[in-house]
Amino acid sequence: MKKYILMFFSMVIMIFAICISSSAAEPEISVTTEHVNVTNAPEDSELIVALYSDDILVGTNVYSCNGTFTGEYAEDMQYSLENADTIKIFLWELSTLEVYGNAFEARLDELPDEKFNDALIVYFSATGNTEELAYKIVDVTGSDIYEIVPEDPYTSEDLNYSDDSCRANQEMNDPDARPAIAGGIENIDEHSTIILGYPIWWGTMPRIINTFLDTYDLSGKTILPFCTSGSSGISQSVSALRNMCIQSDVTEGFRGTSLTTSAQIQNWLDSNGFYR
């Protein structure tokens, strides 16, 4: 019986190679040694994960998808993985056999390792916007999270940028300003990846982020910066991070808003080589 099931999936997968079509929002598939991640999956679509050994199908698994989806194929297909050398993945509509986007194919020994299982999201939020984005990233990654809390909390008067004498302006005018942080992170050495978020002040990161960077040795860690802002981009702060953290791998940054979607976050993470 198993032989006939595998033969059926082999024929279906051959049809996929002929029938690839596109949709309005192109789905994207990324794969690690543990998970398969899909963004922009059409409603009621199905993800076919097929494992091969010397071009012979040795196992398949089917997942129902809608929007952003993560499948733990390594756990679900543990026995088949022991005998496989290649993985092929397709997203399709079963009732019509319509295939969405491009198929994925790779050798198993060429897949990137998991990197989010020890990531830590660290963020500072003065008005709540960055905190909202930080928790959206938590929803996508499942990572632990830590808030940078000022020892002396910022008031609305402190953030009145039209007043040259306000606290925020004074700090940003002083490159050596290091606002104190309440509390700390006891287990930061356990995290190889720091997803670091902040609002943009005067085109760059607030000085309290400098305090954080001075407090902890992030050498050898990967830092993924993200920010919120009214209009400014993140590039200036990324350059500042790279200048301060020369022994860290600082990736491309991400500027989010209240309208940022899980798919956009996943695309940013994928583009920097990280997966849930």
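Rules and cut-offs
Residues numbered from 1 in each chain as written. Predicted model: local features only at pLDDT ≥ 70, side-chain atom pairs only at ≥ 80, totals over all residues. Heavy atoms only, no water. Helix = DSSP H or I, 4+ residues; strand = E, 2+ residues; numbered from the N terminus. Buried < 20%, exposed > 50% of the residue type's maximum accessible area, 1.4 Å probe, protein only. Contact = heavy atoms within 4.5 Å. Areas by Shrake-Rupley, 256 points an atom, 1.4 Å probe, with all protein chains shown as cover. Salt bridge = Lys/Arg side-chain N within 4 Å of Asp/Glu carboxyl O. pLDDT = per-residue confidence, 0-100. Pairing = 2+ DSSP bridges. Axes fitted to C-alpha atoms, helices over the stretch in contact; angles between N-to-C directions. Parallel < 35°, antiparallel > 145°, perpendicular 65-115°, else oblique.

## A few points about the overall build of the chain
Right, so step 1: For the chain, the count of helices and strands is 8 helices and 14 strands.
Right, so step 2: Buried positions account for 51% of the 276 residues belonging to the chain.
Right, so step 3: In the chain, once contacts between residues fewer than 6 apart in sequence are set aside, the share between residues at least 24 apart is 71%.
Right, so step 4: As displayed, the chain offers around 13600 Å² of accessible surface, 47% of which is attributable to carbon and sulfur atoms.

## A few points about the pattern of salt bridges
Right, so step 1: Scanning the model with the defined rule gives 7 salt bridges in all.
Right, so step 2: With its nearest N and O atoms 4.0 Å apart, the salt bridge here joins Lys-88 to Glu-105. A residue pair is termed long-range when its members are at least 10 positions apart, and Lys-88 in strand 5 (residues 86–93) and Glu-105 in strand 6 (residues 98–107) qualify at 17 residues.
Right, so step 3: In this structure Glu-105 comes out as exposed when scored by relative accessible area, which is 55%.

## Regarding the confidence of the model for the chain
Right, so step 1: In the predicted model, the chain carries a mean pLDDT of 87, and the fraction of residues at 70 or more is 89%.
Right, so step 2: Throughout residues 16–24 the model reports pLDDT below 50, and contacts reaching past four residues in sequence, or to other chains, amount to 16 contacts.

## Side note on helix 6 (residues 207–215)
Right, so step 1: Burial runs high along helix 6: 7 of the 9 residues are buried.
Right, so step 2: Considered for burial, the residues of helix 6 that qualify are Arg-207, Ile-208, Ile-209, Asn-210, Thr-211, Phe-212 and Leu-213.
Right, so step 3: Against strand 7 (119–123), strand 9 (149–150), helix 5 (167–173), strand 10 (181–182), strand 11 (193–199) and helix 7 (235–244) lie the buried residues of helix 6.

## Quick notes on helix 8 (residues 262–271)
Right, so step 1: If you check which residues of helix 8 are buried, you get Ala-263, Ile-265, Gln-266, Trp-268, Leu-269 and Asp-270.
Right, so step 2: With its phi angle positive at about 80°, Gly-273 sits one or two positions after the end of helix 8.

## Examining unusual backbone geometry
Peptide bonds are mostly trans, and most non-glycine residues show a negative phi.
Right, so step 1: Unusually for a residue other than glycine, Asp-54 sits at a positive phi of about 50°.
Right, so step 2: Within the element layout of this structure, Asp-54 appears in the loop between strand 3 (36–53) and strand 4 (56–71).
Right, so step 3: The exposure class assigned to Asp-54 is exposed, which follows from its relative accessible area of 63%.
Right, so step 4: In this model, Asp-55 sits at a positive phi of 70°, which is unusual for a non-glycine residue.
Right, so step 5: Here Asp-55 is to be found in the loop between strand 3 and strand 4.

## What to know about the pairing of strand 2 (residues 28–31)
As a general feature of sheets, a regular strand has side chains that alternate between the two faces.
Right, so step 1: Two elements, strand 2 and strand 3, share 4 bridges in a ladder whose sense is antiparallel. Pairing of Ser-30 across the sheet is with Asn-37, part of strand 3.
Right, so step 2: In sequence, strand 2 turns back onto strand 3 through a hairpin of 4 residues.

## So, the packing of helix 4 (residues 129–141) against helix 8
Right, so step 1: Viewed as axis vectors pointing N to C, helix 4 and helix 8 meet at an angle of 75°, and their least axial separation amounts to 10 Å. When the interaxial angle is binned, helix 4 and helix 8 end up roughly perpendicular. Across from Leu-133, Lys-136, Ile-137, Val-140 and Thr-141 in helix 4, the residues of helix 8 making contact are Ser-262, Ile-265, Gln-266, Trp-268 and Leu-269.

## A word on the environment of Pro-206
Right, so step 1: In this structure, Pro-206 sits in the loop between strand 11 and helix 6.
Right, so step 2: Residue class for Pro-206 comes out buried when judged on its relative accessible area of 0%.
Right, so step 3: As a C-alpha pair, Pro-206 and Ser-125 span 81 residues in sequence and 10.0 Å in three-dimensional space.
Right, so step 4: Residues contacting Pro-206, with those up to four places away along its chain left out, are Phe-124, Met-172, Tyr-198, Pro-199 and Trp-201.

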